[in-house]
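Structure at a glance
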Amino acid sequence: MAVSVRVRIAPSPTGFAHLGTASTALYNVLFARQNGGTFVLRIDDTDMERNRPEYELLIFESLRWLGLEWNEGPDKGGPFEPYRQSERLDIYKEEAARLLKDGNAYRCFCTPEELEAERKQAQLEKRPYVYSRRCLTDPPEGRTVFAVRFKVPGGEVAFTDMVRGDMRFDASLIGDFIIVKSDGYPTYQFASPVDDALMKMTHVIRGEEHLSNTPYQLMVIDALGYERPAAFAHMPLILAQDGAKLSKRKHPESNLILFREQGYLPEALINYLALLGWNPGTEQEIFSFDELVSVFSFDRVQHGGARFDWEKLNWLNGEYIRNLSDRELALRLRPFVPNVDEQTLERAVPALKTRMHKLTQAIDYLNYLWTDPAPPALDSATIERVRSAIDALQDVEWAPGAIEAALESAVAASGAGKGKFYTPLRDVLTGKKVSLPIHYTLALLPKDVALSRLHRAIKAQV
RNA sequence: GGCCCCGUCGUCUAGUGGCCUAGGACGCAGCCCUCUCAAGGCUGAGAUCGCGGGUUCGAAUCCCGCCGGGGCUACCA
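Residues numbered from 1 in each chain as written. Chains lettered and ligands numbered in written order. Predicted model: local features only at pLDDT ≥ 70, side-chain atom pairs only at ≥ 80, totals over all residues. Heavy atoms only, no water.

**Re the overall build of chain A**
Formally: Numbering of helices and strands runs from the N terminus, with a helix taken as a DSSP run of H or I at least four residues long and a strand as a DSSP run of E at least two residues long. Put simply, the radius of gyration uses C-alpha atoms, and a globule should come to 2.2 Å times the residue count raised to 0.38. In this scheme, a residue with accessible area under 20% of its type's maximum is buried, one over 50% is exposed, and one in between is partly exposed, where area comes from a 1.4 Å probe on protein chains only.
Per the secondary structure count, chain A includes 19 helices and 11 strands. A compact globule built from 462 residues would reach a C-alpha radius of gyration of about 23 Å, whereas chain A, at 31 Å, exceeds it by more than 25%. C-alpha extents for chain A along the principal axes are approximately 100 × 50 × 40 Å. Burial status across chain A gives 50% buried among its 462 residues.

**Some words on the pattern of salt bridges**
Stated formally: One side-chain nitrogen of Lys or Arg within 4 Å of one carboxyl oxygen of Asp or Glu is enough to make a salt bridge.
According to the stated counting rule, one finds 37 salt bridges in the structure shown. Between Arg-98 and Glu-95 there is a salt bridge; the shortest N-O distance is 2.9 Å. With a gap of three residues between them, Arg-98 and Glu-95 both fall in helix H3 (residues 89–101), about one helical turn apart. A relative accessible area of 30% means that Arg-98 is categorised as partly exposed. One salt bridge in this structure joins Glu-342 and Arg-334, with 3.8 Å as the shortest N-O distance. In this structure, a network of salt bridges that share partners links the residues Arg-8, Arg-42, Asp-44, Arg-88, Asp-195 and Asp-196.

**Regarding the packing of helix H12 (residues 326–333) against helix H13 (residues 342–352)**
Convention followed: All axes here are fitted lines through C-alpha atoms, helices being fitted over the stretch that makes contact, and every angle between N-to-C directions spans 0 to 180 degrees. Oblique is the label for any angle not under 35 degrees, not over 145, and not in the 65 to 115 range, which are roughly parallel, roughly antiparallel and roughly perpendicular in turn. When checking whether two residues touch, look at their non-hydrogen atoms; a contact exists if any pair is within 4.5 Å. Just so you know the grouping, Ala, Val, Leu, Ile, Met, Phe, Trp, Tyr, Cys and Pro go in nonpolar, Asp, Glu, Lys and Arg go in charged, and all remaining residues, Gly too, go in polar.
Their axes nearest at 9 Å, the elements H12 and H13 cross at an angle of 110 degrees. Here H12 lies roughly perpendicular to H13, going by the angle between them. Between H12 and H13, the contacting residues are Asp-326, Arg-327, Leu-329, Ala-330 and Leu-333 on the first element and Leu-345, Glu-346, Val-349, Pro-350 and Leu-352 on the second. Looking at the contact of H12 with H13 residue by residue, the class counts come to seven nonpolar, no polar and three charged.

**Focus: the protein's contact with RNA strand B**
To keep it simple, the criterion reads: Residues are counted as near a molecule or strand when any one of their heavy atoms sits within 4 Å of it. Think of a polar contact as two N or O atoms within 3.5 Å of one another; within protein, one of them needs to be a possible hydrogen donor and the other a possible acceptor, and neighboring residues in sequence only count if both atoms come from side chains.
Around RNA strand B sit 62 residues, and of these Ser-12, Asn-279, Thr-354, Arg-355 and Lys-418 come closest. Contacts to RNA strand B include Arg-50, whose side-chain N or O atom sits 2.8 Å from a sugar or linking oxygen. Interatomic distance of 2.2 Å between a backbone N/O atom of Thr-354 and a sugar or linking oxygen of RNA strand B. If you list the elements that add at least two residues to the surface near RNA strand B, you get helix H4 (112–124), strand E6 (165–170), strand E11 (306–307), helix H11 (310–323), helix H17 (418–430) and helix H18 (438–444). Here the residues of the surface near RNA strand B sort into 23 nonpolar, 17 polar and 22 charged.

**Digging into the packing of aromatic side chains**
Note on aromatic pairs: each is described by the distance of the centres and the angle between the planes. Going by this rule: Only the six-membered ring of Trp is used, alongside the rings of Phe and Tyr, when aromatic pairs are assigned; centres must lie within 6.5 Å, and planes under 30 degrees apart are stacked while those over 60 apart are edge-to-face, with the rest tilted. Either the NZ atom of lysine or the CZ atom of arginine qualifies as a charge over a ring when it sits within 6 Å of the ring centre and within 35 degrees of the ring normal.
Considering all chains together, one arrives at 18 aromatic pairs under this definition. With a centroid separation of 6.0 Å and 85 degrees between ring planes, the pair formed by Phe-259 and Phe-308 is classed as edge-to-face. One end of the pair, Phe-259, is in helix H8 (residues 256–261); the other, Phe-308, is in the loop between E11 and H11, and 49 residues separate them in sequence. For the residue pair Phe-259 and Phe-308, the accessibility class agrees, reading buried in each case. Centroid distance Phe-308 to Trp-310: 5.2 Å. Interplanar angle 75 degrees. Geometry classified as edge-to-face. Cluster of aromatic residues (ring-pair linked, three or more members): Tyr-27, Phe-31, Trp-278, Phe-287, Phe-296 and Phe-298. The ring of Phe-146 carries the charged tip of Arg-107 above its face, separated from the ring centre by 4.8 Å. Residue placement shows Arg-149 over the ring face of Tyr-131; its charged tip is 3.6 Å from the ring centre.

**Quick notes on the sheet that holds strand E3 (residues 105–108)**
To keep things clear, this is the line we draw: At least two bridges found by DSSP between two strands is the condition for calling them paired.
If you walk across this open sheet you meet the three strands as E3-E4-E7, and the pairing is antiparallel. Where the open sheet ends on each side, the last strands, each with one partner, are E3 and strand E7 (178–180). Averaged over all pairs of adjacent strands, the angle between their axes in this sheet comes to 45 degrees, without regard to strand direction. Of the strand pairs in this sheet, strand E4 (residues 147–150) and E7 are connected by two bridges, and their pairing is antiparallel. Counted as the bridge partner of Arg-149 is Ile-178 from E7. Strands in contact with H3 are E3, E4 and E7; relative to E3, the strand with the most contacts, it is inclined by about 100 degrees.

Below you can see the structure in the form of structure tokens.
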């Protein structure tokens, strides 16, 4: 019987969860779901300087919002606890000691300045830099502060990548790298493979930035005598507008929480992310999550990075909004327009639906309901039209259909066009040039409020 | 600098030697619908397939060189 699939994502709480986090999480979940596997969330918090505990909560929240729930993780436990690297320090210490004892690692007493000098020198001589191994062959005397370096065995490291096929790297080009920092914390190149092995990961699916890190990690796993993951998958990077890798610091707009705040639907973002770097080979663009699970495959994944395109996301999000039932859309809109009562919101939805590519846009359409626009200046002909509108509306049933009918006969009687007639009404009611269709604009307002705004506009003229 | 990945309309992509006068989607333009804004319908512009050499009867598709972009090369992850 085959071992069941285990995959993971391992974000570091050095910032908010961003598009890249979501993207790798998605592919991991898709693959796990396809194979009845387990999706693990591990927190790689070994950077003492930059970790902030509150970011961990943000990561949980963002992933849950997207519906990318994990089976094992720091908040829900599992058979390989703990799932926070900061709580596994003794494990790394032990493994490092083992490497030290077996001669696969050694202590390095070099100072950052000395290493910097080595690097500069190599650059000057135009030779590729690898650590000199000074501390292996001729360690300086009398120093107490040290880091631990992995002794790179050289040779070739080969592995299978589900996206790119067979990969091979020449390890003689890789210098002895640090696996334990002088503060006692493990580096990513060490903690990550140790945990992948210990947590029995069968597949490692992550961003392309880790492709060249893979040989480092495989060498560590080999030296420790653990079993390697069966395969890797290095997914194309999500690029910013300038073509550079999306980063938390340079691209704060990639914060997932912001997507929620702007009114993007999680299912739309998922759909868009899936299409960034992967394509089904058909012309289908809209995919439910279950459809993605059934049709996704690594061999149709792009090898090059893809620029994130807000325009296309907006379109997709609009499509998803339009496909929501009125009830469901009203529900999702609630938090964005807390000033609007439930009933009014539900009545607004049919008109709102085709006019939004994100939920926040409802605010622009509805805020005339809870604000009071100043009466505009009107010429005498316009005043007449407003007056006849008031007359027409006076005894009408307060619903869009009836209002529309009443207004249309008033328009016909006035001899003016709908534009001339409706534009000032819109202006008086909302103070804006753009609004929902005029009969909706009226109907959503309480009748007395609507009529008093119209009355007031007429009186305001001298 | 070294190693690795990539290079088709502005963007995301289809395409694995002839089906390509290079297809789709977003965006853009025009028209229709229309009280505004959308949505919807129709039409259109937009890519000498990074460049230069080959191979071949025939290349976006194969080979070589170059150029360009990105990633890694940290006591960040």
